[in-house]
Amino acid sequence: MDQLVGDLLAPRYLAWLLQGFGVTLALSAAVCLAGTALGLAACSLREVGGEAGRRAVAGYVGLVRNTPLLVQLFVWYFAAAALLPRAITVWLNAPHVLNLGVGALYWPAYETLAGFCGLTLYAGAYIAEEARAGINGVRAAQRGAALALGLTPVQAFRHIVLPQALRLAWLPIVGQYLNTIKNTSLTMTIGLAELSYASRQVETETFKTFQAFGIATLLYVGAVAAVEMAGQALARRSRPAGSRR
Amino acid sequence: MTLSVITDNLGYLLVGAWPDGPIGGLALTLILSGLSGLVSAVLGLILGLGLAMSAGATRAALAVGLGLLRAVPIVMLIFWLYFLLPILFGLSVPEIGTVVAALSLVGGAYLSYGVAAGIESVGRGQWEAGLALGFGRWPTLRFIVLPQALRAMAPSFVNQWTALIKDTSLAYVIGVPELSFVAAQVNNRAMIYPTEIFLFVGAVYGILCVSLDGLASRLARPRSVTVHRA
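The rules behind each value
- Residues numbered from 1 in each chain as written.
- Chains lettered and ligands numbered in written order.
- Predicted model: local features only at pLDDT ≥ 70, side-chain atom pairs only at ≥ 80, totals over all residues.
- Helix = DSSP H or I, 4+ residues; strand = E, 2+ residues; numbered from the N terminus.
- Buried ≥ 20, exposed ≤ 12 C-beta atoms within 10 Å, placed from the backbone.
- Contact = placed C-beta atoms within 7 Å.
- Nonpolar A, V, L, I, M, F, W, Y, C, P; charged D, E, K, R; others polar.
- Core = buried A, V, L, I, M, F, W, Y, C linked by C-beta atoms within 7 Å.
- Axes fitted to C-alpha atoms, helices over the stretch in contact; angles between N-to-C directions.
- Parallel < 35°, antiparallel > 145°, perpendicular 65-115°, else oblique.
- Left-handed = near helix turned anticlockwise from the far one by under 90°.
- pLDDT = per-residue confidence, 0-100.

Asks: Give a detailed account of the overall build of chain A, specifying residues and quantitative values.
Replies: Each helix and strand in chain A was counted, giving 10 helices and two strands. Listing the helices and strands of chain A from first to last along the sequence gives α-α-α-α-α-β-β-α-α-α-α-α. Projected onto the principal axes, the alpha-carbon positions of chain A cover approximately 70 × 50 × 45 Å. Expressed as a percentage of the 245 residues in chain A, the buried residues total 38%. In chain A, 77% of the contacts between residues at least 6 apart in sequence involve partners at least 24 apart.

Asks: Could you give an account of the interface of chain B and chain A, with specific residues and numbers?
Replies: At the junction of the two partners, chain B supplies 26 residues and chain A supplies 26 residues. Secondary-structure elements contributing two or more residues to the side of chain B that touches chain A are α4 (56-71), α5 (74-89), α9 (179-190) and α10 (194-220) of chain B. Looking at which element gives the most residues to the side of chain B that touches chain A, the answer is α10(B), with nine residues. Broken down by class, the residue content of the side of chain B that touches chain A amounts to 19 nonpolar, six polar and one charged.

Asks: Account for unusual backbone geometry, naming residues and giving values.
Replies: The linkage connecting B:W18 with the following residue, B:P19, adopts the cis geometry, with an omega of 5 degrees. If you trace the backbone, B:P19 turns up in the loop between α2 (10-15) and α3 (25-53). Positive phi outside glycine occurs at A:F207, with the angle close to 60 degrees. In this fold, A:F207 is placed in the loop between α9 (195-206) and α10 (209-238). Phi is positive for B:M191, close to 70 degrees, though the residue is something other than glycine. Within the secondary structure layout, B:M191 lies in the loop between α9 and α10.

Asks: Tell me what's going on with the nonpolar core, and back it up with residues and numbers.
Replies: The nonpolar side chains of soluble globular proteins are, as a tendency, buried together. Counting 117 residues, the largest nonpolar core has B:L77, B:I78 and B:A102 as the members making the most contacts within it. If we ignore the near neighbours within four places in the chain, the residues touching B:A102 are B:I74, B:L77, B:I78 and B:L81.

Asks: I'd like to hear about the packing of helix α3 (residues 50-65) of chain A against helix α6 (residues 110-137) of chain A, residue by residue, with values.
Replies: Residue and element names in this part refer to chain A. The interhelical angle for the contact between α3 and α6, taken along N-to-C directions, is 120 degrees, at an axis separation of 9 Å. Classified by the angle their axes make, α3 and α6 are oblique. The crossing of α3 and α6 is left-handed. Of the residues in α6, those in contact with V57, Y60, V61, V64 and R65 of α3 are L121, Y122, A125, A128 and E129. Across the contact of α3 with α6, the residue classes tally to eight nonpolar, no polar and two charged.

Asks: I'd like a rundown of the environment of B:V5, residues and numbers included.
Replies: Residue and element names in this part refer to chain B. The topology assignment puts V5 in helix α1 (residues 4-8). A C-alpha to C-alpha distance of 35 Å links V5 and V106, two positions 101 residues apart in sequence. Other than its neighbours up to four places away in sequence, V5 contacts A190, Y193, E196 and I197.

Asks: Describe the environment of B:P22, with residues and values.
Replies: Residues and elements named next belong to chain B. If you trace the backbone, P22 turns up in the loop between α2 and α3. You can call P22 partly exposed: it has 14 C-beta atoms within 10 Å. In this structure, the C-alpha to C-alpha distance between P22 and L212, residues 190 residues apart in sequence, is 26 Å. The contact partners of P22, leaving out residues within four places of it in the chain, are G16 and A17.

Asks: Could you give an account of the confidence of the model for chain B, with specific residues and numbers?
Replies: Residue and element names in this part refer to chain B. Counting all residues, the mean pLDDT for chain B is 91, and 95% of those residues have values of 70 or more. Between the elements of chain B, mean pLDDT differs from a low of 90, seen in α1, to a high of 96, seen in α3. Scored as a whole, the predicted complex attains pTM 0.90, and scored at its interfaces, ipTM 0.91.

Asks: Hey, could you go over the confidence of the model for chain A for me, with residue numbers and the actual values?
Replies: Overall, the prediction assigns chain A a mean pLDDT of 91, with 95% of residues at 70 or greater. Mean pLDDT in chain A bottoms out at helix α1 (residues 2-5) of chain A, which sits at 55, and peaks at α9(A), which reaches 96.

Asks: Report on the packing of α9(B) against α10(B), specifying residues and quantitative values.
Replies: All names here are of chain B. For the pair α9 and α10, the least separation of the axes is 10 Å and the interaxial angle reads 170 degrees. Relative to α10, the element α9 is oriented roughly antiparallel. Crossing of α9 over α10 shows right-handed handedness. Note on element contacts: α10 touches α9 through P194, I197, F198, V201 and V204, opposite L179, S180, A183, V186 and N187. Classifying every residue of the contact of α9 with α10 gives eight nonpolar, two polar and no charged.

Take a look at the structure:
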């Protein structure tokens, strides 16, 4: 065991790992927020957007779910760059800083944007499906009762079906947040310096494989466990009094 | 759109350097999917039975292990096995073996919960009937509970296999020349046709996943049985 672990990692390398972890957390949070918005919008379009809306969302979800995330990231990183007008690509690849007096805001690098877009579209499709399953889980009688009370179909969906469906879909959606944290590791393939990328860099520089991968693994497990527990705590708090679910 | 970049490299995308070199491309993706599909099914059954049949400390230890496998990104698991397998076995393990081991462990961990749920979905009455007829615990499981449970588990196996086909692309991170890796190679060589290459590769994966799904629902239809929940 001793020869496996060896000396402790130098602070410099620990800092690399923590920096990578910070990128992983920030990217995950941004993707979860945007992916939830996208997923709920797609799910709503499917429910109230008529035949065209239903087809468009089904096509989007089918495309995302039947191809590997890695290939989707390559499409965003390589193909989107080739398809965009040259001026835009050049602007996106150049660094941009917004000085705010108290601090500077950096426009994200191209691989960060590509990773964010790919992961958000991916998470959005899965969240749309979880939300749809939640809607299907709300009994049809609920909608019928709302319509009988004089609500329009959109009002019935917005005020009666959606709140109940979200309660049903919440834990599966949290499951997608956990997947998102893990999925950010794939962005290392397009050069985003997140936790997996950092762990491999530290490993290459120090040959302290056990520590580099061990610390990264602990950080992933910690983040996943924390989000899972927070999600469950929220589910418990939002449960209406007297409900059996 | 220029399709010549696809047609010119079609052989390389489909079988890699084979027959002059190691097999790669789509063929290797299929080999990786098949092997890890098989091993993950066996692992999933064993671990799922373990979850359903064990209790107390054994079950808790098993649950922690499975939880860990599901909490770690597959990329990290591939890195770990790439480093640990040669140390554990004292010999060099081919990259393909590393990938199959990682995908099988993750697939098995996810499947085990489906297997355990399938076993639990078979009514308690079936267990009691088996035991009352003089069967032991294991024969009851083998001849009475499992045949019924497998039907309830079938969808989770198909879902997991579809996920496995997509996850074989992660072999990219240790340079295994499967479909995604050779596509990236072709892209680096051609430089100017990324859209054509990656849309083509995406379509190939899509056809694989959709046909596995279609095959499964066709197989499931003729003998669709209502699963009675206890």
